[in-house]
Amino acid sequence: MNNVVSARRIQGIGEYYFSRKLQQIDAIRKQGMEVLNLGIGSPDLPPHPSVIAEFNSAILENGAHQYQSYKGLPELRSAIANWYQRFFYCQLDPDREVLPLIGSKEGITHICMSMLDDGDSVLIPNPGYPAYETASKMAGADIIHYDLKEENQYQPDFDALEEMDLTSVKIMWVNYPHMPTGSSGSHELFDKLIHFTRKHNIVLINDNPYAFILTDRPMSILSACSPDDLVLELNSLSKSHNMAGWRVGMLVGNQGLLETVLTFKSQVDSGQFKPMLKAAIKALSLDENWFFELNVAYQKRKRMVHKILDALNCSYCTNSSGMFVWGRIPDPEEDAEQFSDMLLEQHKIFVPPGSIFGSNGKRYIRFSLCSPESVWDETLNRLNETK
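Parameters and conventions
Residues numbered from 1 in each chain as written. Predicted model: local features only at pLDDT ≥ 70, side-chain atom pairs only at ≥ 80, totals over all residues. Heavy atoms only, no water. Helix = DSSP H or I, 4+ residues; strand = E, 2+ residues; numbered from the N terminus. Rg over C-alpha atoms; globule rule 2.2 N^0.38 Å. Buried < 20%, exposed > 50% of the residue type's maximum accessible area, 1.4 Å probe, protein only. Contact = heavy atoms within 4.5 Å. Areas by Shrake-Rupley, 256 points an atom, 1.4 Å probe, with all protein chains shown as cover. 1 Å grid on protein atoms, 1.4 Å probe; cavity = no way out; pocket = protein on both sides within 12 Å on 5 of 7 lines; lining within 4 Å. Points joined across faces, edges and corners; volume = space filled by probe spheres on them. Nonpolar A, V, L, I, M, F, W, Y, C, P; charged D, E, K, R; others polar. Expected span 1.5 Å × (residues − 1). Polar contact = N/O pair within 3.5 Å; in protein donor to acceptor, adjacent residues only side chain to side chain. Salt bridge = Lys/Arg side-chain N within 4 Å of Asp/Glu carboxyl O. Axes fitted to C-alpha atoms, helices over the stretch in contact; angles between N-to-C directions. Parallel < 35°, antiparallel > 145°, perpendicular 65-115°, else oblique. Pairing = 2+ DSSP bridges. Phe/Tyr/Trp six-rings, centres within 6.5 Å; stacked < 30°, edge-to-face > 60°.

(A) How the structure looks around the overall build of the chain. Tallying secondary structure elements over the chain gives 12 helices and 12 strands in all. Scaling as 2.2 N^0.38, a compact globule of 387 residues should have a C-alpha radius of gyration of about 21 Å, and the chain matches this with 21 Å. With the principal axes as the frame, the chain shows a C-alpha extent of 60 × 55 × 55 Å. Counting every position in the chain, which comprises 387 residues, the buried fraction comes to 53%. In the chain, once contacts between residues fewer than 6 apart in sequence are set aside, the share between residues at least 24 apart is 74%. Roughly 17600 Å² of accessible area belongs to the chain as shown, and the carbon and sulfur atoms make up 48% of that amount.

Rendered as structure tokens:
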């Protein structure tokens, strides 16, 4: 019998959905049946060859295996600032407004643990990335969901927000380009968000890892604010540079807020592997051709997903951004979780239900674009075989 008592901060949170589902998929595979996993956004394409070459070279340098600064290499912070200048037209002070992270997901928890207390409230998008809610709960905060709906292009209803009791709200999470729906956002939306949070003295955080994936041009919320605004942005090389397993992210924006996060971060890690940081610097120097070629591949995959959605009688938006496709299940179906289970049981195809991202996702499923063409062809074949 297990007598270990868990801390209150993790009680009621439960294991991450994809962790549980991967166990189920693994059990099916052990029975000799191959499952097509179309759910998890882990890029299957490799980083640029120059990035790997830089890593291999740096691993032989003196000091490569020693502890590094909690703030990363100064050259990396400068590379991040230059990257924001080149692609987002944002001026950042690399020493005061840039903080490298061990992946942006780490940053979500660091932000919550360093800024939230019991009794604070957090505005969380519905649907949205589940980590915003779980990290906020672990920090002791109360959750206030705000609706994102298809008829409003998955943008906040500011009239509805103004009617809420916002007195205890400390942080508002936003995510554009939006996961899971693919809504692109706009500079006009960023202006509205900054005006709203400035008015109510709320910290605004945009989670921006999909800025370069199937977008007309990358946007940053920092381009719409001043250095004094309580605004931060998370970004990552996971999606934009096919470096998900490398765990290189960043938090940029308001200096005072970054110092608060660093206070917590410096207590829980000892920096990152230097050769990986050197490789990240090389990745950040890549030009527009890298993103163009990346998006050619994703655009082709997205068209194949649209064919699959058509075969399932699902509706969808054709001009979505990011590396996911959000499809609405046909009306006769009861809910997306049952629809997802049917695909797994009958076709051995795994597509997560939108309900895991919030109640507004209960009639949607989400495809990841992180599979090669052969997988999409096999998916269509399996669906067509049963017609």
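Okay, back to it.
(B) Looking closely at empty space enclosed by the protein. Per the stated rule, a full pass over the model turns up 1 cavity of 30 Å³ or more. In this model, the largest cavity occupies a volume close to 40 Å³. Every residue lining the largest cavity is listed: Pro 177, His 178, Met 179, Pro 180, Gly 182, Tyr 210, Ser 321, Gly 322, Met 323 and Phe 324. In the lining of the largest cavity, the residues fall into 6 nonpolar, 4 polar and no charged.

(C) Region of interest: helix H3 (residues 74–88). With 15 residues, H3 ought to run about 21 Å at 1.5 Å a step, and its terminal C-alpha atoms sit 21 Å apart, in line with that. Among all positions of H3, only Leu 76, Arg 77, Ala 79, Ile 80, Ala 81, Trp 83, Tyr 84, Phe 87 and Phe 88 are buried. On its buried face, H3 sits against strand E2 (98–101), strand E7 (231–236), strand E8 (249–253), helix H9 (274–284) and helix H10 (288–311). With its phi angle positive at about 60°, Tyr 89 sits one or two positions after the end of H3.

(D) Highlighting the environment of Ser 285. The residue Ser 285 is located in the loop between H9 and H10 in this model. For Ser 285, a relative accessible area of 44% corresponds to the partly exposed category. Taking the C-alpha atoms as reference points, Ser 285 and Ile 80, separated by 205 residues in sequence, lie 9.3 Å from one another. A polar contact is formed between the side chain of Ser 285 and the backbone oxygen of Lys 282, at a distance of 2.6 Å.

(E) Summary view of the pattern of salt bridges. By the definition in use, this model includes 15 salt bridges. Asp 26 serves as the salt-bridge partner of Lys 30, at 3.3 Å between the closest nitrogen and oxygen. Pair noted here: Lys 30 and Asp 26 are both in helix H1 (residues 17–30), with a separation of 4 residues, about one helical turn. Judged by its relative accessible area of 36%, Asp 26 is partly exposed. When the shortest N-O distance is used, the salt bridge between Lys 300 and Glu 373 registers 3.3 Å. Here the residue Lys 300 occupies a position in helix H10, and Glu 373 occupies one in helix H12 (residues 373–385), the gap between them amounting to 73 residues.

(F) Inspection of unusual backbone geometry at higher detail. Each neighbour pair has its own omega, and for Tyr 176 with Pro 177 the value is 0°, a cis peptide bond. Cis geometry is found at the peptide bond from Met 179 to Pro 180, where omega equals 20°. Structurally, the position occupied by Pro 180 is in the loop between strand E5 (169–174) and helix H7 (187–199). Backbone geometry at Asn 201 places phi at a positive 55°, although glycine is not the residue there.

(G) View of the packing of helix H4 (residues 104–115) against helix H8 (residues 255–265). It is the contact of H4 with H8, at a shortest axis distance of 9 Å, that shows an interaxial angle of 100°. What the angle tells us is that H4 and H8 run roughly perpendicular. For the pair H4 and H8, contact is made by Glu 106, His 110, Ile 111, Met 113, Ser 114 and Met 115 and by Leu 257, Thr 260, Val 261, Phe 264 and Lys 265, respectively. The class makeup of the residues in the contact of H4 with H8 is 6 nonpolar, 3 polar and 2 charged.

(H) Focus on the sheet that holds strand E10 (residues 324–328). Spatial ordering of the open sheet is given by E9-E10-E12, a layout of 3 strands whose pairing is antiparallel. Both outer strands of the open sheet, strand E9 (315–316) and strand E12 (364–368), are each paired with one neighbouring strand and no more. The pairing of E10 with E12 spans 5 bridges and is classified as antiparallel. Looking at E12, one finds that Arg 328 is bridged to Tyr 364. Taken strand by strand, H10 contacts E9, E10 and E12, and its axis lies near 20° from that of E10.

(I) Main features of the packing of aromatic side chains. Considering all chains together, one arrives at 16 aromatic pairs under this definition. Taking the centre distance of 5.8 Å and the plane angle of 75° together, the rings of Trp 83 and Tyr 84 count as edge-to-face. On the basis of relative accessibility, which here comes to 0%, the residue Tyr 84 falls in the buried class. Geometrically, the ring pair formed by Phe 87 and Phe 212 is edge-to-face, given 5.3 Å between the ring centres and 80° between the ring planes. Within this pair, whereas Phe 87 is found in helix H3, its partner Phe 212 is found in the loop between strand E6 (203–207) and E7, the two being separated by 125 residues in sequence. Judged on exposure class, the residue Phe 87 and its partner Phe 212 are both buried.

Any functional reading would require information beyond the geometric quantities listed.
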